[in-house]
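Listed below, chain by chain, are the residues.
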2 protein chains.
Amino acid sequence: MNLLALVSILLVISSVHAFQYTELAQYVDSHQEEYVEALRDWVAIESDSSNILRRPDLHRMMEVVAQKLRLMGGTVQLVDIGVQELVSGQTLELPKVVTAEFGNDTNKHTVCVYGHVDVQPAKLEDGWATDPYNLTEVNGNLYGRGASDNKAPVLAWIHSVEAYQALNMELPVNVKFVIEGMEETGSNGLDAMILAQRDTFFSDVDYIIISDCGWRSRRPALTYGTRGNCYFFAEVEGPKQDLHSGVYGGVVIEPMTDLIGILDTLISPSGKILIPGIREAVAPLSDDEWRMYQDIEFDIDNYKDKIGVNQLMYNNKVDLLAHMWRYPTVSIHGIQGAFSDSGTKTVIPAKVTAKFSIRQVPNMDPAIVKKQVTDYLNSVFAKRKTPNKLKVTMVIGAKPWLADTKHPLYEAGKAAVKKVFNMDPDLIREGGTIPIARTFQDVTGKSIIMLPIGGFDDGLHSQNEKMSRYNYIEGTKLFIAYLNEVSKIEKVTV
Amino acid sequence: MNLLALVSILLVISSVHAFQYTELAQYVDSHQEEYVEALRDWVAIESDSSNILRRPDLHRMMEVVAQKLRLMGGTVQLVDIGVQELVSGQTLELPKVVTAEFGNDTNKHTVCVYGHVDVQPAKLEDGWATDPYNLTEVNGNLYGRGASDNKAPVLAWIHSVEAYQALNMELPVNVKFVIEGMEETGSNGLDAMILAQRDTFFSDVDYIIISDCGWRSRRPALTYGTRGNCYFFAEVEGPKQDLHSGVYGGVVIEPMTDLIGILDTLISPSGKILIPGIREAVAPLSDDEWRMYQDIEFDIDNYKDKIGVNQLMYNNKVDLLAHMWRYPTVSIHGIQGAFSDSGTKTVIPAKVTAKFSIRQVPNMDPAIVKKQVTDYLNSVFAKRKTPNKLKVTMVIGAKPWLADTKHPLYEAGKAAVKKVFNMDPDLIREGGTIPIARTFQDVTGKSIIMLPIGGFDDGLHSQNEKMSRYNYIEGTKLFIAYLNEVSKIEKVTV
């Protein structure tokens, strides 16, 4: 064999096995209009998992995801996860979970990408500038409900696999998908599905990747912790029906007054949680943590501008980051059953239900929090000596999650960020909850990384949610690079 | 002239002038299906004055009333009362006020019947057993929004005039009508219209009759007082848009927490109003009043059963009646802008507006109450040291009203009740507000009576509002008899 022949053979081998980031990145750039169209199609499906009237849309959304993955040649399943029990006692079919597999080379690592395609409620009249279900691009931002949370990241993962396929490049790792449709209401049915498939679908998974979060600033980030969430309903019931406040006001003991009274005992004006036992359970802030928070890029003035307030609960970076990420808090979301429209109505609502939630951090335990909150509210309610009835229910109980930032999965993340963005990522925690991270960890025992591509100002759960075109497209490249970095992790045979 | 001829002449005279109650009552009985159908047609029009999207229905409602009165030969006007200013700064045409006149014999008294044909909001999903805009008869009750408040009473007045006409009997008094379409939101525009027509339409009116209220028990009643109402919006505004409670919870000072905090300072668990100055302004309960309340038929157990509670704010008749009728109270109706649907949403609402109202009694003054409430809420809000902004607005400020039960108008009422029901009426006050009573009194200087035909359990402003067929039909007879009793009042030339 002459030298030329040898070089030719080596080139062929390299074309199959070597990671050709430039070609892949170019492919992504030249297909970005297609990617935006795909996101438009997905956003147009009102897959609101909290609205039972939208359940048909949610079912359709799962079918669309499955079909996309099937067309790419994946081994796809629509996994039946049973039914949801409604308060009325009726049941409603849960959206199926989509699983898919690309590659099963035992010499390669296997990653499992988790994402969700259900969304929070959104209505134009909530104050959206554009129709929340019609993806609208303004100044490089793609506005629409679910754009950032979590439809664009799921699509970016799908497109990253598709890019390898389109260029006939072998995937550096086997890629699995688990895409669900109940995340926004507590991932009903998913825990059981993971447990049931622990020794089948999940048995050869090495790493789990979640991209259901966002950066802290314009600098890319790796997320190593999330808060959990305990979501409560506090229902106060009095008369058997709503009453005229003129006719009955003064003699009826009003459920609304009782509810306001107990809600006011949850948290102080300065943000101190008043429920006994909650603050005592929180892990103390270590010196290491304090130093780490000091190093994070966080422009307080810019942050205040963005949300439109001139004062926050704290006025220094460490306190703010710590209260976003590693301290609990109480938010009162609203009251169901009272008069909530515009205009005036002189009604005494007969049954009112407050919705509030408490963010969970290490070392809180949702089961204990449930008891602490229930006991406390019952005791303050009892002091009112009202004949109305209080019922406290915890409808979501999601634990917090914390990872080791020195793990090879995080080193791979740092390298991929360096490759695509030519900078080091922020190491951050997430104030929100991705309950499934904790479940994956507890049930499968696998390592998990959260690799966000959402922007810091995407407005998740709020009006005018968006994903920037930049984050969507560069994020797709980040996923492509990350798959390659993971393939370099030394494979350990247990 | 022989005797026979004389008798014939006398009979003819008597057939024109004598009050033939039996014939009139029989006419009413035999036409009751028509009356129910008329009510069905009126209830089917969703004339909700608080919902600006329903304004076209409200305009149509006023036209239907006018057309009915025109067909009866009345002199009818649709009086333009201008526009309503919306919070947005836009304006919206107010529903015209219908005025009508039947007869202008200066030898007779002239009564003016006031009523309204707008309704409170109602949705099937609020808990109605039947479609609120489809009048449904169950066990002799006619269920529908506005059935009792105030469409059936207005129709009963129209039908009472129509009965005289149908039997070719002369009306014993001249009858005028003033029918408006904004009562449920504070009679916007009506005060100015009454003032403008004080010396024209109202100049020859002797007495004003209002039937926008109900009995206290199964015994018919005459109403001699109403509470007024000051309706407030307390808006707390923070971030420029709703935020995700996971991402921002703990660092943002939440408007909802601030709002709950100030609402909780309005009234104590035992019903004590905590706003300084309010209780001090209330006229003391006199011994006479105390004795009067003692005599009123009021079955506390039945009352509790009806509304489905096992304990009221007080446990004796006098305290209960006094707190329904002649003491102020605070009711919190609801919160706009927060999450109020079923399900869960992890949102920090950016702007929340509480709706609450304070019932007014002698000697409170709405202008002073406005200042007391605004100052108080601003002061408790300031103590929270929150950066959020509070805006307190009084959107309705209606004064209470009180009449003399010894006035000839009330004596006529007692006689009419005796005629139709063969019993004496309860003399009662109304906890609700009929602001226009006070306006009529202040502007026209005329005497006013409230002559209710609604049942004590009609569920005004609440789910399953109804008018019983019995009250509707016997009420029509009461109005017929009342017109005759009024004609007997000695006519005083001033």
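Residues numbered from 1 in each chain as written. Chains lettered and ligands numbered in written order. Predicted model: local features only at pLDDT ≥ 70, side-chain atom pairs only at ≥ 80, totals over all residues. Heavy atoms only, no water.

Per an unreviewed UniProt entry, chain A goes by the name Carnosine dipeptidase 1 and belongs to Kryptolebias marmoratus.

Here we look at the pattern of salt bridges
All names here are of chain A. Short version of the rule: For this analysis, a salt bridge means a side-chain nitrogen from Lys or Arg found within 4 Å of a carboxyl oxygen belonging to Asp or Glu. Starting at the N terminus, helices and strands are each numbered in turn, a helix being any DSSP run of H or I of at least four residues and a strand any DSSP run of E of at least two. Only protein chains enter the accessibility calculation, which uses a 1.4 Å probe; a residue whose area is less than 20% of its type maximum is buried, one above 50% is exposed, and one in between is partly exposed.
In total, this model carries 56 salt bridges over all chains according to the counting rule given. With its nearest N and O atoms 2.8 Å apart, the salt bridge here joins Arg291 to Asp288. Of the two residues, Arg291 and Asp288 are both situated in helix α9 (residues 287-295); the distance of three residues between them amounts to about one turn of the helix. On the accessibility criterion, Arg291 (45% relative accessible area) is partly exposed. A relative accessible area of 53% means that Asp288 is categorised as exposed. Put simply, Glu46, Arg54, Asp57 and Arg60 are held in one network by salt bridges that share partners.

Details of the pairing of strand β13 (residues 330-336) of chain B
Consecutive residues of a regular strand have side chains that alternate between opposite faces of the sheet. Residue and element names in this part refer to chain B. So the rule is basically this: Strands pair, by our definition, only if DSSP identifies at least two bridges between them.
With six of seven residues buried, β13 lies mostly within the body of the structure. In terms of strand pairing, β13 meets strand β15 (residues 351-360) through six bridges, oriented antiparallel. In the sheet register, Ser331 faces β15, and the bridge partner there is Ser357.

Here's the deal with the UniProt feature "domain: Peptidase M20 dimerisation" (unreviewed entry) in chain A
Put simply, the rule is: UniProt positions are given in the numbering used here, feature names are shortened, and annotations may be inferred rather than shown by experiment.
The feature "domain: Peptidase M20 dimerisation" (unreviewed entry), as given by UniProt, occupies residues 225-383 of chain A in the numbering adopted here. What you have in residues 225-383 of chain A is 36% helix and 21% strand, and the ends, taken at the C-alpha atoms, are 39 Å apart.

A closer look at the interface of chain B and chain A
The condition that has to hold: When checking whether two residues touch, look at their non-hydrogen atoms; a contact exists if any pair is within 4.5 Å. Buried area, as used here, totals the accessible surface that two parts lose on assembly, with accessibility defined by a 1.4 Å probe and the loss added over both. In protein, a polar contact requires one atom able to donate a hydrogen and another able to accept it; more generally it is a pair of N or O atoms within 3.5 Å, and residues adjacent in sequence count only if both atoms are side-chain atoms. Three categories are distinguished: nonpolar for Ala, Val, Leu, Ile, Met, Phe, Trp, Tyr, Cys and Pro, charged for Asp, Glu, Lys and Arg, and polar for the others, with Gly belonging to the last.
Taken residue by residue, the interface counts 87 residues in chain B and 87 residues in chain A. Per-residue buried area on chain B facing chain A is highest for B:Val251, B:Thr344 and B:Lys345; these three make up 9% of the total on that side. Salt-bridge contacts for A:Lys123 lead to B:Asp341; the nearest nitrogen and oxygen are separated by 3.9 Å. The interface formed by chain B and chain A contains 44 residue pairs in polar contact (both at pLDDT 80 or more). Top element by residues in the side of chain B that touches chain A is β13(B). It accounts for seven residues. For the side of chain B that touches chain A, the class distribution of residues is 36 nonpolar, 34 polar and 17 charged.

Details of the environment of B:Tyr248
If you trace the backbone, B:Tyr248 turns up in helix α7 (residues 245-248). A relative accessible area of 8% places B:Tyr248 in the buried class. The sequence separation of B:Tyr248 and B:Val347 amounts to 99 residues, and the corresponding C-alpha distance is 9.4 Å. The residues contacting B:Tyr248, other than those within four sequence positions of it, are A:Tyr303, A:Lys306, A:Ile307, A:Phe456, B:Leu243 and B:Ile348. In this structure the side chain of B:Tyr248 is engaged in a polar contact, spanning 2.8 Å, whose partner is the side chain of A:Lys306.

A look at the domain arrangement of chain A
Residue and element names in this part refer to chain A. We apply this condition: A domain assignment, automatic or from a database, supplies the domain bounds used here.
Taken domain by domain, chain A consists of domain 1 (20-226 + 401-487) and domain 2 (230-283 + 326-398). Between the C-alpha centres of domain 1 and domain 2 the distance comes to 34 Å. Of the residues lining the interface, eight residues belong to domain 1; the matching set on domain 2 comes to five residues. For the domain 1 and domain 2 pair, buried surface summed over both sides reaches about 490 Å², with 61% attributable to carbon and sulfur atoms. Joining domain 1 to domain 2, the criterion identifies zero salt bridges. The interface formed by domain 1 and domain 2 includes one residue pair in polar contact (both at pLDDT 80 or more).

Here's the deal with the relation of the copies chain B and chain A
Note that the two copies of the chain are related through a rotation about an axis and a translation along the same axis. Stated formally: Superposing the copies works by least squares over the C-alpha atoms of residues that have pLDDT at least 70 in both of them.
Least-squares fitting of chain B to chain A yields an RMSD of 0.1 Å, with the transformation described by 0.0 Å of translation along the axis and a rotation of 180°. Put plainly, the chains are arranged around a two-fold axis. By C-alpha distance to the rotation axis, the residue of chain B lying nearest is B:Ile260, at 3.0 Å. An overlap of 100% is found between the interface residues of chain B and their copies at the interface of chain A, pointing to a shared contact surface.

Regarding the sheet that holds strand β6 (residues 136-138) of chain A
Sheet strands pair by backbone hydrogen bonding; their relative direction is either parallel or antiparallel. Residue and element names in this part refer to chain A. Defined as follows: Lines fitted to C-alpha atoms define the axes here, with helix axes fitted over just the stretch in contact, and angles between the N-to-C directions of these axes take values from 0 to 180 degrees.
Read from one edge of the open sheet, three strands run β6-β7-β20, paired in antiparallel fashion. Looking along the sheet, the strands with just one partner apiece sit at the ends: β6 and β20 (466-468). The sheet shows a mean angle of 30° between the axes of neighbouring strands, direction not considered. As judged from the three bridges shared by β6 and strand β7 (residues 141-143), these two strands associate in the antiparallel manner. Paired with Val138 across the bridge in β7 is Asn141. Sheet strands in contact with helix α5 (residues 147-166) are β7 and β20, and its direction is about 45° off that of β20.

Concerning the packing of helix α2 (residues 21-30) of chain A against helix α15 (residues 469-487) of chain A
Residue and element names in this part refer to chain A. Formally: Throughout this description, any angle smaller than 35 degrees is read as roughly parallel, any larger than 145 degrees as roughly antiparallel, any in the 65 to 115 degree range as roughly perpendicular, and the remainder as oblique. Each crossing is labelled by how the near helix is turned from the far one, with a counterclockwise turn of less than a right angle marking it left-handed and a clockwise turn marking it right-handed.
With their axes 10 Å apart at the nearest point, α2 and α15 run at an angle of 150° to one another. By the angle between their axes, α2 is roughly antiparallel relative to α15. Between α2 and α15 lies a crossing whose hand is right-handed. In contact with Tyr21, Leu24, Ala25, Val28 and Asp29 of α2, α15 contributes Ile473, Glu474, Thr476, Lys477, Ile480 and Ala481.

A few points about the packing of aromatic side chains
Residues and elements named next belong to chain A. Filter applied, for reference: For Phe, Tyr and Trp, rings pair up if their centres lie within 6.5 Å, where Trp contributes its six-membered ring, and each pair is then called stacked (planes under 30 degrees apart), edge-to-face (over 60) or tilted (otherwise). Charge-over-ring contacts are defined here by two conditions on Lys NZ or Arg CZ: a distance within 6 Å of the ring centre and an angle within 35 degrees of the ring normal.
Inspection of the entire model under this criterion finds 24 aromatic pairs over all chains. Taking 5.0 Å as the distance between ring centres and 70° as the angle between the ring planes, the aromatic pair formed by Phe298 and Tyr303 counts as edge-to-face. Just as Phe298 is buried, Tyr303 falls in that class too. Each residue in the set Tyr114, Phe201, Phe202 and Phe440 is aromatic and connected to the rest through ring pairs, giving one cluster. Above the face of the Phe233 ring, Lys355 is positioned so that its terminal group lies 4.5 Å from the ring centre.

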